[in-house]
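# Topology and contacts: notes
Single-letter residue listing:
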Amino acid sequence: MSDDQVQVVEPPVSENGDSNAVTVTDGRTGKSEQLAVTDGTVRASELRQFKTDPEDFGLMTYDPAYTNTASCRSAITFIDGDKGILQHRGYPIEQLCEHASYLEVAYLLIHGDLPNEKQLENWRYEITMHTFVHENLKVFVQGFRYDAHPMGMLLATVGALSTFYPDAKNIGDPEERRMAGIRMIAKMPTLAGFAYRHSQGMPYVYPDNDLDYAGNFLQMMFKMTELKYEPDPRLAKALDTLFILHADHEQNCSTAAVRAVGSSQVDPYSAVAAGVAALYGPLHGGANEAVLRMLARIKSVENIPDFLSSVKAGNERLMGFGHRVYKNFDPRAQIIKKHVGEVLEVTGTDNPLLEIAVELEKQALDDEYFTSRKLYPNVDFYSGLIYEALQIPRSMFTVMFAIPRTSGWIAQWLEMLDDPETKIARPRQIYTGHRDRDFLEGRKAVGR
Ligand code: CMC
């Protein structure tokens, strides 16, 4: 061991015998300490005791992108990335998609257990009764340029909700917290519908409280002159399943953003707006839109080998492939793939991009570049094709992700507030810049 190395040895049981521990030996000083291992983790702050002198700040961990750092304890979503397992509150995603509705899953995420019949009925009623937004929000949406991206509009309008519900900043009040959750789940489809209609130059459609969650969203998107829009129940069901699949996914980029911003004790609308902003990015929720653009660019099955060569040469990424956590398969992708055919059958659309997607998946899964890096289709690879079959434009795809993820963000925000260990998120840095420069000398050096 060289002088500047820290050696970590993991004995089976600690001295007090009640938990595992690792022994850490600091090669710089010879100091050796046992650090408790709880749930497969050591507390990073425990490393601070390793110092080279009393003035030393103490040892830190360096973990850009938090690839190996647990930032919280959570009982909401379990993922085993190697085995392709996704469970919400212990229930497998496959069963939830088959038997539950999105609103039931949203209740489960937020409350921790399944609702009984009365609780589900009340939950549905409350969500349905809060779907309308203040008329000034409509005027606010009208202020956007004709070509504003719907996700940008959603980001702004969710943030704006905090100004309509100023009491939501009383995050210590359980009723304010509860109402903020209900309001956001209820109003997100309305804001999304308004954003879409604005981008089409069409009048905004108000919620229809006779319809279920997914059906109402479809009517706010597509109602024209008919007195009553009747969504096709098979399409509403497929959309509801997509909503379930996107409801939560533990500490992903947007959820981490909601928790980090929420840890400042800001109101929940502002915290969720941070989640929407994070989701907007092409490496996160923006990937489904990017997949469709990629498939359109590939144009035909014959061009797939060239495209894959370009990916392998590092010129671009195969969008909809790869995941930070899933390293064998993404169970959500498998469920979605099953629904693509069903939806196309109902809509009667024959999307040539589906053929390209299926062949692209096949060739990539046969290719050592992708298999050796454990790159498999993720949730976004096929979801865009369903959205397209539902006639939802590509610019709305990430919005389609944000609507259901709202329940996950709220569940995670509530859990964070109740966690006695929650403190304002504030990572450390390794400073790499200059120190103690003289300003006037600096000016002179640049000729001023
Ligand atoms: N196409 C080509 N190569 C890839 C891809 C891809 N989609 N994803 C990862 N790689 C390569 C990457 O270049 C690296 O190769 P090397 O070891 O030679 O440098 C290796 O695989 C590991 O990649 P990474 O960037 O370290 O992996 P990550 O865990 O940081 O990134 C990811 C995860 C999802 C950002 C990434 O796989 C990606 O950019 N995928 C495409 C975008 C996408 O589909 N995003 C949706 C994610 S699922 C929905 C959600 O949760 O938001």
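So, a few notes on the structure that sits alongside this text. (Residues numbered from 1 in each chain as written. Predicted model: local features only at pLDDT ≥ 70, side-chain atom pairs only at ≥ 80, totals over all residues. Heavy atoms only, no water.)

The full set close to the ligand counts 18 residues, and H284, R317, L318, G320 and R324 are the nearest of them. R317 has a polar side-chain atom sitting 2.7 Å from an oxygen atom of the ligand. Within the side chain of R324, one N or O atom sits 2.8 Å away from an oxygen atom of the ligand. In terms of residue class, the shell around the ligand is built from nine nonpolar, five polar and four charged. (Near = heavy atom within 4 Å. Polar contact = N/O pair within 3.5 Å; in protein donor to acceptor, adjacent residues only side chain to side chain. Nonpolar A, V, L, I, M, F, W, Y, C, P; charged D, E, K, R; others polar.)

When the terminal C-alpha atoms of helix α10 (residues 268-280) are compared, their 18 Å separation across 13 residues agrees well with the 18 Å that a helix rising 1.5 Å per residue should span. Most of α10 sits inside the fold, with ten of its 13 residues counted as buried. Within the span of α10, buried status applies to P268, Y269, A271, V272, A273, A274, G275, V276, A278 and L279. On its buried face, α10 sits against α5 (150-164), α6 (174-200), α9 (253-262) and α17 (397-418). Among the residues of α10, the N-terminal cap falls to D267, whose side-chain oxygen and the backbone nitrogen of Y269 are separated by 2.9 Å. (Helix = DSSP H or I, 4+ residues; strand = E, 2+ residues; numbered from the N terminus. Expected span 1.5 Å × (residues − 1). Buried < 20%, exposed > 50% of the residue type's maximum accessible area, 1.4 Å probe, protein only. Contact = heavy atoms within 4.5 Å.)

Our focus in this paragraph is the side chain of E415. Along the chain, E415 falls in helix α17. Residue contacts for E415: discarding those within four places in its chain leaves R73, S74, A75, I76 and R259.

To continue, consider helix α7 (residues 213-222). Because the α-helix completes a turn every 3.6 residues, residues three or four places apart line up on one side. Burial of α7 is extensive: ten of the ten residues sit out of reach of the surface. Regarding α7, the residues found buried are Y213, A214, G215, N216, F217, L218, Q219, M220, M221 and F222. Looking at the packing, one finds that the buried side of α7 touches α2 (102-111), α3 (117-128), α6, α8 (233-245) and α17.

Within the secondary structure layout, V105 lies in helix α2. A sequence separation of 142 residues divides V105 from A247, and the C-alpha atoms of the two residues are 7.8 Å apart. Those residues in contact with V105, other than ones at most four positions away along the chain, are H88, L96, A100, I244 and A247.

Now for unusual backbone geometry. A positive phi angle, close to 50°, is found at R89, a residue other than glycine. Inspection of the secondary structure assignment puts R89 in the loop between β5 (85-88) and β6 (91-92). Residues other than glycine seldom take positive phi values, yet D436 does so here, at roughly 50°. The class for D436 is exposed, based on a relative accessible area of 72%.

Here we come to a nonpolar patch on the surface. A contiguous nonpolar patch, built from F57, M60, Y62 and I430 and spanning about 420 Å² of accessible area, is present on the exposed surface. If you trace the backbone, M60 turns up in the loop between β3 (32-37) and β4 (77-80). M60 gets classed as partly exposed once you look at its relative accessible area, which sits at 32%. (Patch = residues over 30% accessible without salt bridge, like charges linked within 9 Å, V, L, I, M, F, W, Y side chains within 5 Å. Areas by Shrake-Rupley, 256 points an atom, 1.4 Å probe, with all protein chains shown as cover. Salt bridge = Lys/Arg side-chain N within 4 Å of Asp/Glu carboxyl O.)

Membership of the largest hydrophobic core comes to 118 residues, with the highest contact counts inside it found for W123, L154, M294, L318 and L360. Residues in contact with L318, not counting those within four places in the same chain, are M294, F307, L308, V311, L360, A364 and F370. In this structure, L35, V37, F50 and L59 belong to the second largest nonpolar core, which totals seven residues. (Core = buried A, V, L, I, M, F, W, Y, C linked by side-chain atoms within 4.5 Å.)

The subject of this paragraph is the layout of surface pockets. Counted as a void, the second largest pocket has a volume near 320 Å³. Surrounding the second largest pocket, 22 residues form its lining, D212, Y213, A214, G215 and D240 being those nearest its centre. Broken down by secondary-structure element, the contributors of at least two residues to the lining of the second largest pocket are α2, α3, α7 and α8. Grouping the amino acids of the lining of the second largest pocket by side-chain chemistry returns eleven nonpolar, six polar and five charged. (1 Å grid on protein atoms, 1.4 Å probe; cavity = no way out; pocket = protein on both sides within 12 Å on 5 of 7 lines; lining within 4 Å. Points joined across faces, edges and corners; volume = space filled by probe spheres on them.)

Turning our eyes to something else, we now look at the side chain of T406. Relative to the elements of secondary structure, T406 occurs in helix α17. Those residues in contact with T406, other than ones at most four positions away along the chain, are M184, I185 and M188.

What follows is about the packing of α5 against α17. Packing of α5 against α17 brings their axes to within 8 Å, and their N-to-C directions diverge by 30°. Across from P150, M151 and L154 in α5, the residues of α17 making contact are T398, V399 and A402. Taken together, the residues of the contact of α5 with α17 sort by class into five nonpolar, one polar and no charged. (Axes fitted to C-alpha atoms, helices over the stretch in contact; angles between N-to-C directions.)

This paragraph deals with the packing of aromatic side chains. Scanning the model with the defined rule gives 16 aromatic pairs in all. Both rings, one in Y196 and one in F222, keep their centres 6.1 Å apart while their planes meet at 75°; by these two values the pair is edge-to-face. One end of the pair, Y196, is in helix α6; the other, F222, is in helix α7, and 26 residues separate them in sequence. Residue classification places Y196 among the buried residues on the basis of a relative accessible area of 7%. Grouping aromatic residues by their ring pairs yields a cluster made of F321, Y369, F370, F381 and Y382. (Phe/Tyr/Trp six-rings, centres within 6.5 Å; stacked < 30°, edge-to-face > 60°.)

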